[in-house]
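Observations on the three-dimensional arrangement
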Amino acid sequence: MKPAEHMVAEAVAETPFRYRIPRRGAMRVPGVVFATRRLLPEASGDQALQQVADVATLPGIVTASYAMPDVHWGYGFPIGGVAATDIAEGGVVSPGGVGFDISCGVRLLAAGCDRDGLGRRLERLMDGLGRRVPRGAGRGGVWHVSRAELAEVLAHGARYAVERGHGVPRDLERCEDGGTLPGADPGQVGERAVDRGLGQVGSLGSGNHFLEVQAVDVVHDAAAARAMGLAPGQVCVMIHCGSRGLGHQICTDHVRAMDPVMPRYGIEVPDRQLACAPVDSGPGRAYLAAMAAAANYARANRQLLAEAARRAFAESVGCGLDLVYDISHNMAKLERHPVGEDAAPRLLCVHRKGATRALPPGHPDLPADLSAVGQPVLIPGTMGTASYVLTGVADGDAWHSTCHGAGRVRSRHRAAREIDGHRLRGELEAHGVAVRASSWRGLAEEAPQAYKDVDEVVAAAEGAGLCRKVARLVPLGVVKG
DNA sequence: ATGTCC
């Protein structure tokens, strides 16, 4: 198979919310980008569309290489990319299709108070959260585990954290996969990854990760919001973080393992960052077992941070926090879906990188009390702007996936050069958003000006028929990594 | 995203 390096990817409008990159060269399927003209990456400055085309060359890919409205350039795969491969047809798994921050995701908790009831206690609450939430690059976590305990975290995720008293059993009903992604093998996690993971359980990290105190600003779907436990004006906590240095090291290790053995499986890719192996192969199975372990680590991480937030709320506000949902947006999952004209579902490896699973109403994996409304889809906005709760729809495209956030449009470097962190903090505080940051540069890198407009991204995702809006949330205070 | 280069 000839690499696709000479192609220039061009997107052709099919509808106002759907663009097509026609199949050519080594592409096995077309590219499909769900976006408006305005949200489409510029072919000149951003390689994201070429990356959508490159992903379409992967062995076993079915139907299309998809991109969500927040798509932008990433490592190998675009961020905002969705690709499914047919395992029985030699379909591959690619670490670049998951990303370095394996199982980066979002957890939303609903507080037993509303924004008016919070009032002047917000500053005291933010101080408590600022003390209790470890954050910043390289920083340690709230739960220091032994090697034996870490192996349990890797195997059982949030379920193990709850068994050890860090949370309540109901939390697990509101986690993707009940808090434990099956198939994790701590034995496939390298020593270095283990060393990095030991001290970071219960820590935010840096970049666009945050813990925000938010309030429900608009309810778009009253019945769905009610079923999720959300009401107008209600205070919420949103936690956005991932698998820290452990997931990063696992990605690095498995890309290195796959890169030299691709010829053994007859695989040629147009970009080395698309290193991959058949799901049904030694390196493929090893990666998926390690990836699942990192996914469990990320869930336990968010579980511990939720407990830290509960203590801060109990202390400063005197109210509880109920888990609404916990969902990842950087994962590869084995799922059964009908493909093309065939009615019989096929077992697929669905890569979602900067894309969120969006199960429709009635799906068997949903908890009983959410079955009628569908899976909560949690969309973290850019710092200081809105976030969203969405839900899956019955005829959802792209293997029931939607967007994951705003999507970066200005590089970290450029944002840090052009924006002053001190001044940005002043602007946020002037808009009524309390800020507890870890570094001025980090704050500047995550300025709203560096991202697409999350309202526009969500409107495009809904317009494209990928999801429905349930509620819009606005920040009252942000604890920033 | 990331002990922002082993």
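Residues numbered from 1 in each chain as written. Chains lettered and ligands numbered in written order. Predicted model: local features only at pLDDT ≥ 70, side-chain atom pairs only at ≥ 80, totals over all residues. Heavy atoms only, no water.

1. Focus on the protein's contact with DNA strand B
The local shell around DNA strand B holds 16 residues, among which Arg 196, Ser 206, Gly 207, Asn 208 and Arg 412 are the closest. Taken together, the sugar and phosphate atoms account for 60% of what DNA strand B places within 4 Å of the protein. Separating a phosphate oxygen of DNA strand B from a backbone N or O atom of Ser 206 is a distance of 2.8 Å. Within the side chain of His 248, one N or O atom sits 3.3 Å away from a base oxygen of DNA strand B. If one sorts the elements of the surface near DNA strand B by residue count, helix 9 (residues 244-258) sits on top with four residues. Across the surface near DNA strand B, the residue classes tally to one nonpolar, ten polar and five charged. (Near = heavy atom within 4 Å. Polar contact = N/O pair within 3.5 Å; in protein donor to acceptor, adjacent residues only side chain to side chain. Helix = DSSP H or I, 4+ residues; strand = E, 2+ residues; numbered from the N terminus. Nonpolar A, V, L, I, M, F, W, Y, C, P; charged D, E, K, R; others polar.)

2. Focus on the packing of helix 9 against helix 10 (residues 282-316)
One way to put it is that helix 9 packs onto helix 10 with a least axis distance of 9 Å and a crossing angle of 170 degrees. By the angle between their axes, helix 9 is roughly antiparallel relative to helix 10. For the pair formed by helix 9 and helix 10, the contact residues are Arg 244, Leu 246, Gly 247, Ile 250, His 254 and Met 258 on the first element and Pro 283, Gly 284, Ala 286, Tyr 287, Ala 290, Met 291, Ala 294, Tyr 297 and Asn 301 on the second. When its residues are assigned to classes, the contact of helix 9 with helix 10 shows ten nonpolar, four polar and one charged. (Axes fitted to C-alpha atoms, helices over the stretch in contact; angles between N-to-C directions. Parallel < 35°, antiparallel > 145°, perpendicular 65-115°, else oblique. Contact = heavy atoms within 4.5 Å.)

3. Some remarks on the pairing of strand 12 (residues 330-337)
Counted residue by residue, strand 12 has six buried out of eight residues, so it is predominantly covered. Pairing of strand 12 with strand 13 (residues 346-353) involves eight bridges; the strand directions are antiparallel. The residue of strand 13 that forms the bridge with Asn 330 is Lys 353. (Buried < 20%, exposed > 50% of the residue type's maximum accessible area, 1.4 Å probe, protein only. Pairing = 2+ DSSP bridges.)

4. Side note on the UniProt feature "binding site: Mn(2+) 2" (unreviewed entry) in chain A
Here the UniProt-annotated "binding site: Mn(2+) 2" (unreviewed entry) positions come out as His 240 and His 329. These annotated residues cover 90 residues of sequence, and their C-alpha atoms all fall within 10.3 Å of one another, placing them together at a single site. Of note, His 240 is situated in strand 9 (residues 234-241). Exposure remark for His 240: the relative accessible area of 3% places this residue in the buried category. Reaching out from His 240, the side chain makes a polar contact with the backbone oxygen of Asn 208 at a distance of 3.2 Å. Those residues in contact with His 329 that lie beyond four places of it in its chain are Cys 104, Gly 105, Val 106, His 240, Arg 352, Lys 353, Gly 354, Ala 355, Thr 356, Pro 380 and His 404. (UniProt positions renumbered as here; feature names shortened; annotations may be inferred.)

5. Quick look at the pattern of salt bridges
Opposite charge on two side chains permits them to pair, given that their charged atoms come into close proximity. This structure, assessed with the given rule, holds 35 salt bridges. One salt bridge in this structure joins Asp 221 and Arg 468, with 2.7 Å as the shortest N-O distance. Placement of the pair is Asp 221 in the loop between strand 8 (210-219) and helix 8 (222-228) and Arg 468 in strand 19 (residues 468-480), with a sequence separation of 247 residues. Connected through shared salt-bridge partners, Glu 14, Arg 18, Arg 20 and Asp 397 make up one network. (Salt bridge = Lys/Arg side-chain N within 4 Å of Asp/Glu carboxyl O.)

6. So, the packing of helix 4 (residues 147-156) against helix 10
One way to put it is that helix 4 packs onto helix 10 with a least axis distance of 6 Å and a crossing angle of 100 degrees. It follows from the interaxial angle that helix 4 and helix 10 lie roughly perpendicular. In this structure, helix 4 uses Leu 150, Val 153, Leu 154, Ala 155 and His 156 to contact helix 10, whose residues at the interface are Ala 292, Ala 293, Asn 296, Tyr 297 and Ala 300. Tallied by class, the residues present in the contact of helix 4 with helix 10 amount to eight nonpolar, two polar and no charged.

7. Notes on the environment of Lys 333
Residue position: Lys 333 is located in strand 12. With residues near it in sequence (within four places) discarded, Lys 333 still touches Glu 176, Asp 177, Leu 181, Leu 348, Cys 349, Val 350 and Arg 357. A distance of 2.8 Å separates polar atoms of two side chains, one belonging to Lys 333 and the other to Glu 176.

8. With respect to helix 7 (residues 191-198)
For helix 7, the full list of buried residues reads Ala 193, Val 194, Gly 197 and Leu 198. Buried positions in helix 7, seen along its axis, are confined to an arc of 135 degrees and lie on one side of it. Pointing more than 90 degrees away from the buried face of helix 7 are the exposed residues Glu 191 and Arg 192. In this structure, the buried side of helix 7 is in contact with helix 4, helix 9 and helix 10. (Arc of directions from axis to C-beta.)

9. Regarding the side chain of Asp 86
Relative to the assigned elements, Asp 86 resides in strand 5 (residues 79-86). By relative accessible area, Asp 86 is classed as buried at 6%. Leave out the neighbours within four places in its chain, and Asp 86 touches Gly 60, Val 62, Gly 91, Arg 346, Leu 347 and Leu 348.

10. Details of the pairing of strand 5
Most of strand 5 is tucked away, with seven of its eight residues classed as buried. Judged from the three bridges that link them, strand 4 (residues 65-72) and strand 5 form a sheet pairing that is antiparallel. Across the sheet, Tyr 66 pairs through a bridge with Val 82, a residue of strand 5. In this sheet, strand 13 lies alongside strand 5 in antiparallel orientation, the contact comprising six bridges.

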